[in-house]
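Chain by chain, the residues run as shown.
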Amino acid sequence: MAPKQKKKSSRGKKSPKPVLAASEDMEPVNMESMGHPEIYPLVLTTKTQEIFSCRIDEDVTDEQPYKLINKEDIFEDLRNRAAVSDFHPVKKIVQEYPGNELLLVYDRDFKYGLNFYLIGTEEGKESYLNPPEVPEEQEEYKEHIPEDVYIYKLPVSKPWVSLGSEKEIEEESVTESTKQITYMISRKRSEFGAPIKFSDQNASSVKDAYIECTAYPDKNFTLKQLEKDVGMQVIPQIKDISTQTKWTYPKNATTQYYPREFSEEEKETLKQSKPLVDFLNNASISVEIALQQNEIMNTFIDDWKYLAEEEGTFGDKTDTHLKEYQSFTDLHSPTEKMITCVSWHPTIYGLIAVSVAVRLSFEDRVHFSGKLLLQPSLILFWSFSDPIHPQLMLESPDDIFCFKFCPSDPNIIAGGCINGQIVMWDITAHADRIENIKAGGGRSKRATLKPMFLLEPESNKEAMYIRHCAVSSIENGHKKVITDIHWLSDTFEINRMGSVFENRSGICCQLVTCSADCTICFWDIRPQKLLTPQTTEKKKEESIEIPFDVPSTFLHLDLSWKPLTKVRLSKGETSLDHCPTKISLNEDHLLCKTQDKMLAQSKTEKAEEMNPYHNLESGMANLLKPIDDFCTKFFVGTEEGEVIYTDWKMEKDPETGRLMSKKPVSHHTVHDGTVHTIQRSPFYNDIILTVGGWNVAIWKEGVMTGPLLQSCCAPKRYTSGHWSLTRPGVFYIGREDGYIDIWDLLEKTHEPAQSQNICITMITYIKPWIFSSKQQFIAIADYYGTLHILEIPWTLSRPSTNEMASVNHYFEREVKHLEYVEQRKKIREQEKKEMELEMAKKKVEIAVPSHRALSSKRGHHVQVPASKKREESMHKVHLGSAFQDLNENRRGKEKEAPKGRNKW
């Protein structure tokens with residue numbers, strides 16, 4: 001029987017609290033009425049039996065039905081599970097127990113009402129473990145009692161133990177909530193007992209005598225059933241059908257029969273008959289084959305389930321559409337907001353965080369700046385268990401446009417504001433509100449979506465606001481909105497020059513941000529200098545200023561945090577700079593030494609016991625080992641639609657001696673609008689996807705000639721994009737008209753494989769997520785503030801057999817094509833120069849004979865100098881050799897050119 005859900009009644013009653021909450025303040029119940037005040041019955045669940053190694057029929061049996069439990073183990077269980085612990089009703093008894101070990105006894109016959117009971121005194125434990133010896137006379141008397149004799153035992157009245165059920169019955173009972181109205185009817189005393197006469201009257205003869213009382217619904221007394229308490233049970237449908245022949249008239253009839261049996265002679269005749277022998281010979285082969293098949297293969301296997309297991313096709317169109325699973329909308333916000341960034345929680349399944357911002361232009365934002373200060377800027381945490389109420393709300397000084405969870409500690413979150421400040425949150429103190437189910441061994445093999453938040457019914461509806469614990473300096477940071485933020489890997493760190501060193505701390509301590517103020521900043525969350533010891537008076541002053549609900553994890557950064565280094569993307573010829581919108585760093589991880597690995601493992605073990613970010617006062621280390629072969633180049637997308645490949649290392653200006661950014665390695669203007677997405681493939685670290693304007697492009701790191709793939713102009717502008725997490729050739733692109741374009745490079749490379757409508761407004765962010773090997777989701781945020789959770793179908797989540805190799809071969813073929821095109825360009829340029837030289841030579845040859853003919857007509861003889869003849873002959877020889885080299889080079893390149901290419 002499925003558990004009944006507690007529903008609100010139609011009269012506006014509050015939903016009853018759980019029984020567990022009611023039993024927290026109750027006194028522990030003992031068996032004093034039965035003469036055993038030291039015994040306290042308990043109900044131990046299977047989970048508790050596994051924790052304390054007291055599993056029924058395994059750890060506790062009939063031969064040894066007891067278990068000694070350490071008092072500290074019970075306290076540890078109470079701290080971990082609080083009111084959920086099965087020892088919570090006897091918490092007071094455990095605290096007052098004088099000894100170190102308590103005796104837990106398995107009550108197999110439910111003598112005291114429950115499956116276990118706890119002995120709360122030392123005397124009771126000793127009497128149970130060392131029972132008094134029974135006199136020999138009583139033992140002999142027991143032996144003489146026959147087993148068949150029934151011994152009557154007087155029933156013992158037990159006290160009624162309240163577990164909170166009477167409160168649940170009281171809450172479920174219907175009580176009158178409206179006040180009753182009393183009517184008093186009176187008449188004159190002289191009319192008491194007077195006779196009453198009833199007569200008919202014509203309604204048309206008297207004015208206003210006829211009144212029609214038609215039925216109409218009264219809204220004040222119309223009750224709508226919003227919820228219904230129904231008990232359901234999942235059972236197969238059973239149908240009982242009986243038939244009876246129609247008995248037209250009664251008739252007495254009797255039938256007498258006897259079984260027909262073969263005689264011995266008939267049996268012998270049948271055994272020797274040829275038809276029976278032939279039948280047995282023919283049927284025996286089929287019976288033997290059927291018996292062998294039952295032993296070899298499973299006849300009860302579901303063939304439909306495994307029919308498409310090894311299917312290599314892409315499936316039907318009905319199997320490729322995204323299916324709506326759930327949606328989240330902030331109904332409590334007074335203003336209209338849009339979603340700017342989405343991120344799934346790294347370790348908690350079913351939890352997603354979104355940042356929202358007010359939907360206003362720059363002019364309207366300046367005009368309503370006074371009102372916007374009164375409204376909180378939030379990051380909302382949504383759970384699959386409650387699509388209406390956010391579980392957590394992170395406050396910030398201004399609207400957040402990007403944020404990221406820390407890879408070392410998911411409780412640390414960094415975000416970028418519209419005013420150019422970086423905000424840090426630490427939600428470690430609120431970790432008890434969530435059930436932290438980590439990926440891997442900690443999660444069950446059969447993953448199922450379940451409520452991730454263990455909240456009380458009343459506290460679930462309360463707004464849980466969390467203040468930020470640090471914010472960067474507004475004078476030394478970005479001057480415009482921060483459009484992208486990333487945590488650097490925990491394997492390396494950089495200094496002010498941009499040089500790379502090994503990260504010995506083993507945690508992520510540095511960030512990189514980009515903004516529309518033409519700068520890319522690197523930040524370090526550790527103190528730049530060692531903190532000097534402060535006097536007690538200063539510490540008291542600082543402790544007074546810190547609010548009680550703000551953690552002191554990043555107190556040293558608040559309002560004084562400055563970037564470690566800044567990188568400006570200069571255009572070179574002009575004084576203007578590029579405006580970056582998105583960045584993509586190289587995520588190659590270096591191989592550490594054995595000692596470094598052991599050190600990292602010991603640090604991770606300590607991190608489980610203590611938060612590593614609570615001890616950052618040591619500052620940055622001075623003696624670090626540099627990494628020479630580290631790639632410091634990265635991709636940048638700009639507002640003008642440019643894709644830049646540059647270096648973050650700084651170099652000194654030879655004239656002024658100041659540190660300045662290097663010039664970009666490559667620069668291409670491919671997109672006709674702002675670049676909204678620049679992301680590396682999760683399968684190929686050197687393949688990058690860029691989305692901006694009306695087209696999409698795919699790049700390969702190291703190929704400077706251009707993109708491997710560039711789409712044609714789309715019907716609507718692209719606003720976001722993301723790679724698939726399980727298929728190398730699939731990526732999703734969001735458009736401004738609410739459609740999603742799904743690209744599949746194995747099916748089509750010149751247009752999307754399919755398009756699907758999600759909403760009626762612009763899609764602002766796309767973020768897929770793997771829940772299990774059989775279920776994947778994709779989060780799609782729109783401009784109206786709604787977060788759509790869709791389930792990815794099987795064909796878009798399960799890769800084909802050779803998809804990885806096929807997509808890699810496609811990229812390699814495109815690289816060869818780009819090399820061939822670049823070589824052809826060089827050949828055409830050389831041909832163009834030679835044609836210009838040939839045309840100039842022809843002009844000279846035409847001009848010289850005409851001059852000679854003109855001089856001969858006039859009777860003058862013009863003599864050409866010997867040096868001029870020598871120059872002309874040398875020029876002819878040079879042109880001839882150049883044409884010969886050109887023809888040979890052209891023949892060689894045409895042989896090396898790739899024969900096959902997918903047309904674009």
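Scoring rules and cut-offs
Residues numbered from 1 in each chain as written. Predicted model: local features only at pLDDT ≥ 70, side-chain atom pairs only at ≥ 80, totals over all residues. Heavy atoms only, no water. Helix = DSSP H or I, 4+ residues; strand = E, 2+ residues; numbered from the N terminus. Buried < 20%, exposed > 50% of the residue type's maximum accessible area, 1.4 Å probe, protein only. Contact = heavy atoms within 4.5 Å. Areas by Shrake-Rupley, 256 points an atom, 1.4 Å probe, with all protein chains shown as cover. Pairing = 2+ DSSP bridges. Polar contact = N/O pair within 3.5 Å; in protein donor to acceptor, adjacent residues only side chain to side chain. Patch = residues over 30% accessible without salt bridge, like charges linked within 9 Å, V, L, I, M, F, W, Y side chains within 5 Å. Salt bridge = Lys/Arg side-chain N within 4 Å of Asp/Glu carboxyl O. Lys, Arg positive; Asp, Glu negative; His and termini not counted. Charge placed at Lys NZ, Arg CZ, Asp CG, Glu CD. Phe/Tyr/Trp six-rings, centres within 6.5 Å; stacked < 30°, edge-to-face > 60°. Core = buried A, V, L, I, M, F, W, Y, C linked by side-chain atoms within 4.5 Å. Disulfide = S-S within 2.5 Å. pLDDT = per-residue confidence, 0-100.

## Examining the overall build of the protein chain
Consideration 1: When you go through the protein chain residue by residue, the secondary structure sums to 16 helices and 37 strands.
Consideration 2: Put simply, the protein chain has 904 residues, and 35% of those count as buried.
Consideration 3: If you take every contact in the protein chain between residues at least 6 apart in sequence, the share linking residues at least 24 apart comes to 64%.
Consideration 4: Carbon together with sulfur atoms contributes 53% to the accessible area of the protein chain, which is approximately 60,700 Å² in total.

## Things to note about the sheet that holds strand E10 (residues 400-405)
Paired through their backbone hydrogen bonds, the strands of a sheet run either parallel or antiparallel.
Consideration 1: The strand order across the open sheet formed by 4 strands is E10-E11-E12-E14, and the pairing between neighbours is antiparallel. Lying at the two open borders of the sheet, with one neighbouring strand each, are E10 and strand E14 (470-471).

## Some words on the environment of Gln756
Consideration 1: Inspection of the secondary structure puts Gln756 in strand E34 (residues 754-757).
Consideration 2: By relative accessible area, Gln756 is classed as buried at 11%.
Consideration 3: Spatially, the C-alpha atom of Gln756 lies 10.0 Å from that of Thr320, the residues being 436 residues apart in sequence.
Consideration 4: If we ignore the near neighbours within four places in the chain, the residues touching Gln756 are His321, Leu322, Gly738, Tyr739 and Ile740.
Consideration 5: A polar contact is formed between the side chain of Gln756 and the backbone oxygen of Leu322, at a distance of 2.7 Å.

## Section: a negative patch on the surface
Consideration 1: Residues Glu166, Glu168, Glu170, Glu171, Glu172 and Asp229 make up a contiguous surface patch of negative charge.
Consideration 2: Structurally, the position occupied by Glu170 is in helix H7 (residues 165-172).

## Things to note about the pattern of salt bridges
Consideration 1: Taken as a whole, this structure holds 19 salt bridges when the rule is applied.
Consideration 2: Here Asp686 makes a salt bridge to Lys700, at a shortest N to O gap of 2.6 Å. Here Asp686 is found in the loop between strand E27 (675-680) and strand E28 (687-692), whereas its partner Lys700 is found in strand E29 (residues 695-700), with 14 residues between them in sequence.
Consideration 3: Note on Asp686: relative accessible area 26%, which makes it partly exposed.
Consideration 4: Among the residues examined, Lys700 registers a relative accessible area of 23% and is labelled partly exposed.
Consideration 5: Of the charged contacts, one joins Lys841 and Glu845 as a salt bridge, the two residues approaching to 3.8 Å between their closest N and O atoms. With Lys841 and Glu845 both in helix H15 (residues 803-857) and 4 residues apart, the pair spans about one turn of that helix.
Consideration 6: By relative accessible area, Lys841 is classed as partly exposed at 23%.

## A few points about a nonpolar patch on the surface
Consideration 1: Together, Phe262, Leu270, Leu276, Phe279 and Leu280 give the surface a local cluster of nonpolar side chains, amounting to about 490 Å² of exposed area.
Consideration 2: With 3 residues, helix H9 (residues 274-296) is the largest single contributor of residues to the nonpolar patch.
Consideration 3: Relative to the elements of secondary structure, Phe262 occurs in the loop between H7 and helix H8 (264-271).

## Quick word on the sheet that holds E27
Consideration 1: Read across the open sheet, the 4 strands follow the order E27-E28-E29-E30; overall the sheet is antiparallel. The outermost strands of the open sheet, each flanked by one partner alone, are E27 and strand E30 (709-710).
Consideration 2: Both E28 and E29 contribute to a ladder of 6 bridges, which runs antiparallel. Its bridge partner lying in E29, Thr690 is registered against Ala697.

## Re the packing of aromatic side chains
Consideration 1: Applying the stated criterion across every chain, the model contains 30 aromatic pairs.
Consideration 2: Judged by centre distance (4.6 Å) and plane angle (40°), the rings of Phe635 and Tyr645 are tilted. With Phe635 in strand E22 (residues 633-638) and Tyr645 in strand E23 (residues 642-647), the pair connects residues that are 10 residues apart, well separated along the chain.
Consideration 3: Relative to Phe731, the ring of Trp723 has its centre 5.4 Å away and its plane inclined at 70°; by these criteria the two rings are edge-to-face. Residue Trp723 shares its accessibility class with Phe731, and that shared class is buried.

## Thoughts on the pairing of strand E20 (residues 565-568)
Both faces of the sheet carry side chains from a regular strand, because those side chains alternate between them.
Consideration 1: Alternating residues of E20 divide into Thr565 and Val567, all buried, and Lys566 and Arg568, none buried.
Consideration 2: Of the strand pairs in this sheet, strand E19 (residues 519-524) and E20 are connected by 4 bridges, and their pairing is antiparallel. Note on E20: the bridge partner recorded for Cys521 is Lys566.

## A look at the pairing of strand E7 (residues 351-358)
Consideration 1: With 8 of 8 residues buried, E7 is to be regarded as a mostly interior element.
Consideration 2: By the alternation rule, side chains of E7 split into Leu351, Ala353, Ser355 and Ala357 and Ile352, Val354, Val356 and Val358, which are all buried.
Consideration 3: Two strands pair when backbone bridges link them, and strand E6 (residues 337-344) and E7 are joined in this way by 7 bridges, in the antiparallel orientation. When the sheet's bridge partners are listed, Val342 is paired in E7 with Val354.
Consideration 4: Here E6 folds back onto E7 in antiparallel fashion, the turn holding 6 residues, of which Gly350 has a positive phi close to 90°.
Consideration 5: Where E7 and strand E8 (residues 377-383) come together, 5 bridges link them in antiparallel fashion. When the sheet's bridge partners are listed, Ser355 is paired in E8 with Ile379.

## Remarks on unusual backbone geometry
Consideration 1: The phi angle at Asp57 is positive, at roughly 65°, despite the residue not being glycine.
Consideration 2: With phi around 70°, Cys518 is a residue other than glycine that occupies positive phi space.
Consideration 3: On the accessibility criterion, Cys518 (12% relative accessible area) is buried.

## A closer look at the nonpolar core
Consideration 1: Within the largest apolar cluster, 39 residues are counted, with the highest numbers of intra-cluster contacts made by Val342, Phe381, Leu787 and Ile789.
Consideration 2: With residues near it in sequence (within four places) discarded, Phe381 still touches His345, Leu351, Ile352, Ala353, Pro390, Gln391, Leu392, Leu394, Phe405, Ile413 and Ile427.

## With respect to the state of the cysteines
Consideration 1: Under the counting rule described, the total for this entry stands at 0 disulfides.
Consideration 2: Not part of a disulfide, Cys712 finds its nearest cysteine sulfur in Cys713, a span of 7.4 Å.
Consideration 3: The exposure class of Cys712 is exposed, given its relative accessible area of 52%.

## What to know about the confidence of the model for the protein chain
Consideration 1: In this model, the protein chain carries a mean pLDDT of 76, and residues with pLDDT of at least 70 account for 74%.
Consideration 2: A low-confidence stretch, residues 436-460 (pLDDT under 50), is modelled with 47 contacts involving residues beyond four sequence positions or located in other chains.
Consideration 3: Note on residues 535-544: pLDDT is under 50 here. Beyond four places in sequence and across chains, it has 2 contacts.

## Comments concerning the side chain of Ser472
Consideration 1: Along the chain, the position of Ser472 falls in the loop between E14 and strand E15 (482-487).
Consideration 2: A polar contact is formed between the side chain of Ser472 and the backbone nitrogen of Ile422, at a distance of 2.9 Å.
Consideration 3: Setting aside anything within four residues of it in sequence, one finds Ser472 in contact with Gly420, Gln421, Ile422, Trp523, Leu559 and Trp561.

## Points about the environment of Leu576
Consideration 1: Here Leu576 is to be found in the loop between E20 and strand E21 (580-584).
Consideration 2: Contact partners of Leu576, with chain neighbours within four places excluded, come to Ser570 and Lys571.

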